[in-house]
Amino acid sequence: MLRALALTALLPALAAGADLIGAETCKACHPSAYEAWKDGPHARATASLTEAQRQDRRCTSCHAPDADKGASGVGCETCHGGGRVYAQAYVMRDRELARAVGLVEPGEKTCLACHTESAPSLTRFDYAHKLPLIAHGREPAEGARRRGHGE
């Protein structure tokens, strides 16, 4: 009952759930995940494009999907959803609540939105093979322990 009441109170804020807070904000509680992302291909997705491709929505829809919101590359929120609401410590303590207000736990379908048969690539996208290359978030959030919230 209390959760239902909390969700009802948060409904007006759900529209703001699409608001991006940026990878630097995520880094505060998830430094290992941030480092894995920063050093991986998603953070540099825009850099792999030519200048002409950076102007082509067919390319930027995957390489910089949130560019219109000031984000470059493929950031945390590209896959996990805008964090304005769910990034709050009291929300992150409750995974069910975090998911209810916008946290996405991406899976193969999420990846296949961009990694399609028509996407230019030398090899066919193999989710099981590629997932370990971007694995992050399996460890407890270091900053979360310091701030009194965890997973």
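The paragraphs below set out a description of the structure included in this document. Numbers given for residues are sequential positions, taken from 1 along each chain in its written order. Reporting in this predicted model follows two pLDDT cut-offs: at least 70 for local features of residues, and 80 or more for side-chain atom pairs to be given and counted; totals over whole chains, interfaces and linings ignore these cut-offs and use all residues. The side-chain quantities take in all heavy atoms of the structure and omit both hydrogens and water.

**Here we look at the state of the cysteines**
Okay, step 1: Disulfides are defined in this document as cysteine sulfur pairs within 2.5 Å. Tallied over the entire structure, the rule returns 1 disulfide.
Okay, step 2: The thiol sulfur of cysteine 29 is not disulfide-bonded, and the nearest other cysteine sulfur, from cysteine 26, lies at 9.0 Å.
Okay, step 3: Exposure categories follow from relative accessible area, calculated using a 1.4 Å probe and restricted to protein chains: below 20% of the type maximum is buried, above 50% is exposed, and the middle band is partly exposed. Exposure remark for cysteine 29: the relative accessible area of 13% places this residue in the buried category.

**Looking at the pattern of salt bridges**
Okay, step 1: Whenever a carboxyl oxygen of Asp or Glu lies within 4 Å of a side-chain nitrogen of Lys or Arg, that contact is scored as a salt bridge. As enumerated under the stated definition, the model contains 9 salt bridges in all.
Okay, step 2: Among the salt bridges present, the one from glutamate 51 reaches arginine 54, with a minimum N-O distance of 3.4 Å. Taken together, the residues span about one helical turn, with glutamate 51 and arginine 54 both in helix H4 (residues 51-54) at a distance of 3 residues.
Okay, step 3: As a salt-bridge pair, glutamate 105 and arginine 99 come within 2.9 Å of each other at their nearest N and O atoms.
Okay, step 4: Residue classification places glutamate 105 among the partly exposed positions, given a relative accessible area of 43%.
Okay, step 5: If you follow the salt bridges from partner to partner, you end up with Glu35, Lys38 and Asp39 in one network. Under the DSSP-based scheme used, a helix requires at least four consecutive residues in state H or I and a strand at least two consecutive residues in state E, with every element numbered from the N terminus.

**Notes on the packing of aromatic side chains**
By convention here, two paired aromatic rings are described through the distance between centres and the angle between planes.
Okay, step 1: Only centres within 6.5 Å qualify two rings of Phe, Tyr or Trp (six-membered ring in Trp) as a pair; their planes then separate them into stacked at under 30 degrees, edge-to-face at over 60, and tilted for everything else. With the rule as written, the count across this model stands at 1 aromatic pair.
Okay, step 2: For the ring pair tyrosine 34 and tryptophan 37, a centre distance of 5.6 Å and an interplane angle of 50° mean the geometry is tilted. In this pair, tyrosine 34 and tryptophan 37 both sit in helix H3 (residues 31-38), 3 residues apart, roughly one turn of the helix. Each member of the pair, tyrosine 34 as well as tryptophan 37, is classed as buried.

**Topic: H3**
Okay, step 1: Listed as buried for H3 are Ala33, Tyr34 and Trp37. Each buried residue of H3 sits inside an arc of 100° when the element is viewed along its axis, so together they form one side. Here the arc refers to the set of directions running from the helix axis out to each C-beta atom.

**With respect to the side chain of glutamate 77**
Okay, step 1: Relative to the helices and strands, glutamate 77 resides in helix H6 (residues 76-80).
Okay, step 2: Dropping the residues within four chain positions of it, glutamate 77 is found in contact with Asp19, Leu20, Ile21, Gly22, Gly82, Gly83 and Tyr86. We call two residues contacting when some pair of their heavy atoms lies within 4.5 Å.

So far we have only geometry, and geometry alone does not tell us how the molecule works.
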